[in-house]
Amino acid sequence: MLLSDQEIRRFHDEGWLFLPEVFSPEEVAALRQEAEAIYREQRPEIWREKSGAPRTAFAAHTYNEAFRLLGAHPRLIRPVEQIFGERLYMHQFKINAKAAFTGDVWQWHQDYGTWKRDDGMPEPRAMNISVFLDEVMPINGPLMLIPRSQRYGTLDAEHDTATTSYPLWTLDEATVTRLVEEGGIVAPTGKPGGVLMFHGNLVHGSAPNITPYPRKIVYLTLNAVSNYIRTPTRPEWIAHRDFTPIEPVADDALTRYAQRYRQAAE
Ligand code: SIN
Ligand code: MN
């Protein structure tokens, strides 16, 4: 899957792009069930909310076959290679749960702010490309983006270690207000299998989920190989040190996995 010239232009202007129905219901069902099984495990890579509910599972592509295939999927790797014009490695991989009733807030932030400050990433030549595992609705804590905010570069941020269980470099209200006056806020919604990609400096966040509907999203953070991190401070399973370029799997690899998975369950 490659992006059209118009999609590439839109990405550069707006800082984000949503592509509906990239993965089939069969592919996503297998991933969703695997994610739920992972959240039931006790592993250091699974970060919990203050309530104990799962918040995010890091690095599942290193220990789970379905997510290994997703982490090297051409429908995700190729579009990001197209934008950066370079091979990519996996900087971070996480499955965010935003659990029903208990999924907590992600305050307004820029991802590159963290990659630069905590990991020593030289340039914003990494980006998130995410896959919706559940339906993302206006009501279950969709990711909110401030269009065009990436043009302001890396903004001042405070290290917030108190609001949630997860430390985050967050923006102040005055900055967010100014950016929103200009760009507004969008919250892309859609069925499982949709793909959302956004620039490393795009300001984003999400509200808590108080509905009975979980909102699982997998985020691959793909970094241009020449932009490898220089001074990591976080654990290897949060900020990876394996800078080997990703070799994409076959386009039907996940479909074949899902078919085997279904047959085994029958
Ligand atoms: C993030 O910004 O890293 C995650 C936000 C979300 O999943 O709502
Ligand atoms: Mn983020």
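Our structure is the block above this text.
These notes cover the structure that comes with them. (Residues numbered from 1 in each chain as written. Chains lettered and ligands numbered in written order. Predicted model: local features only at pLDDT ≥ 70, side-chain atom pairs only at ≥ 80, totals over all residues. Heavy atoms only, no water.)

## Brief notes about the site of ligand 1
Then, in step 1: Around ligand 1, the structure places Lys-94, Asn-96, Trp-106, His-109, Leu-143, His-204, Ser-206, Arg-215 and Tyr-219.
Then, in step 2: A distance of 3.0 Å separates an oxygen atom of ligand 1 from a polar atom in the side chain of His-204.
Then, in step 3: Ser-206 places a side-chain nitrogen or oxygen 2.6 Å from an oxygen atom of ligand 1.
Then, in step 4: For ligand 1, the protein covers 98% of the area, taking 250 Å² as the surface of the free molecule.
Then, in step 5: Of all elements in the fold, only β4 (88–96), β5 (106–109) and β11 (204–206) reach the threshold of two or more residues within the shell around ligand 1.
Then, in step 6: In terms of residue class, the shell around ligand 1 is made up of three nonpolar, four polar and two charged. (Near = heavy atom within 4 Å. Polar contact = N/O pair within 3.5 Å; in protein donor to acceptor, adjacent residues only side chain to side chain. Areas by Shrake-Rupley, 256 points an atom, 1.4 Å probe, with all protein chains shown as cover. Helix = DSSP H or I, 4+ residues; strand = E, 2+ residues; numbered from the N terminus. Nonpolar A, V, L, I, M, F, W, Y, C, P; charged D, E, K, R; others polar.)

## Comments concerning the coordination of the manganese ion (ligand 2)
Then, in step 1: For the manganese ion (ligand 2), the full set of protein donor atoms is His-109 (NE2), Asp-111 (OD) and His-204 (NE2), at a range of 2.1 to 2.2 Å.
Then, in step 2: Read in sequence order, the donor residues for the manganese ion (ligand 2) give the motif H-x1-D-x92-H. Assigned by exposure class, His-109 and Asp-111 land together as buried. (Donors = N, O, S within 2.8 Å, 3.2 Å for Na, K, Ca; no water. Buried < 20%, exposed > 50% of the residue type's maximum accessible area, 1.4 Å probe, protein only.)

## Notes on the sheet that holds strand β6 (residues 126–132)
Strand pairing in a sheet relies on backbone hydrogen bonds, with the paired strands running either antiparallel or parallel.
Then, in step 1: Read from one edge to the other, the open sheet built from seven strands follows the order β1-β10-β6-β12-β4-β3-β2, with strand pairing classed as antiparallel. Lying at the two open borders of the sheet, with one neighbouring strand each, are β1 (16–19) and β2 (46–48). Neighbouring strand axes in the sheet, compared pairwise and without regard to direction, differ in orientation by 20° on average.
Then, in step 2: Relative to strand β12 (residues 217–224), β4 runs antiparallel, the two being bridged by eight bridges. (Pairing = 2+ DSSP bridges. Axes fitted to C-alpha atoms, helices over the stretch in contact; angles between N-to-C directions.)

## Quick look at the pairing of strand β3 (residues 54–58)
Then, in step 1: The buried count for β3 comes to five of five residues, which makes it a mostly enclosed element.
Then, in step 2: Relative to β3, β2 runs antiparallel, the two being bridged by three bridges. What sits directly across from Trp-47, in β3, is Thr-56.
Then, in step 3: In this structure, the hairpin formed by β2 and β3 is closed by a connection of five residues, where Gly-52 is found at a positive phi of approximately 100°.
Then, in step 4: Pairing between β3 and β4: three bridges, direction antiparallel.

## A few points about the environment of Ser-149
Then, in step 1: Relative to the elements of secondary structure, Ser-149 occurs in the loop between β7 (144–145) and β8 (158–160).
Then, in step 2: A sequence separation of 21 residues divides Ser-149 from Asn-128, and the C-alpha atoms of the two residues are 15 Å apart.
Then, in step 3: Leaving out residues up to four positions away in the same chain, Ser-149 has contacts with Leu-179, Asn-201, Leu-202 and Val-203. (Contact = heavy atoms within 4.5 Å.)

## Some remarks on a negative patch on the surface
Then, in step 1: Among the surface-exposed residues, Asp-156, Glu-158, Asp-172 and Glu-173 lie close enough to one another that they form a single negatively charged patch.
Then, in step 2: Locating Asp-156 in the fold gives a position in the loop between β7 and β8. (Patch = residues over 30% accessible without salt bridge, like charges linked within 9 Å, V, L, I, M, F, W, Y side chains within 5 Å. Salt bridge = Lys/Arg side-chain N within 4 Å of Asp/Glu carboxyl O. Lys, Arg positive; Asp, Glu negative; His and termini not counted. Charge placed at Lys NZ, Arg CZ, Asp CG, Glu CD.)

## Overview of the nonpolar core
Then, in step 1: Membership of the largest hydrophobic core comes to 46 residues, with the highest contact counts inside it found for Phe-23, Phe-67, Leu-70, Ile-95, Leu-133, Leu-220 and Leu-222.
Then, in step 2: Counting residues per element, this core draws most heavily on helix α2 (residues 25–40), at six residues.
Then, in step 3: With eleven residues, the next largest nonpolar core counts Phe-18, Val-136, Leu-143 and Tyr-219 among its residues. (Core = buried A, V, L, I, M, F, W, Y, C linked by side-chain atoms within 4.5 Å.)

## Thoughts on the pairing of β1
Then, in step 1: Where burial is concerned, the two faces of β1 agree: the one with Trp-16 and Phe-18 and the one with Leu-17 and Leu-19 are both buried.
Then, in step 2: In terms of strand pairing, β1 meets strand β10 (residues 195–199) through four bridges, oriented antiparallel. Following the sheet pairing, Leu-19 is matched in β10 by Val-195.

## Side note on the pattern of salt bridges
Any two side chains of opposite charge can pair if their charged atoms end up close together.
Then, in step 1: For the coordinates displayed, the defined rule picks out 16 salt bridges.
Then, in step 2: Across the salt bridge formed by Glu-65 and Arg-68, the nearest N and O atoms sit 2.9 Å from each other. Here the residue Glu-65 and the residue Arg-68 both occupy positions in helix α3 (residues 65–71), the gap between them amounting to three residues, near one helical turn.
Then, in step 3: A salt bridge links Glu-86 to Arg-125, with the shortest nitrogen-to-oxygen separation between them at 2.5 Å.

That's the geometry; what it means functionally is another story.
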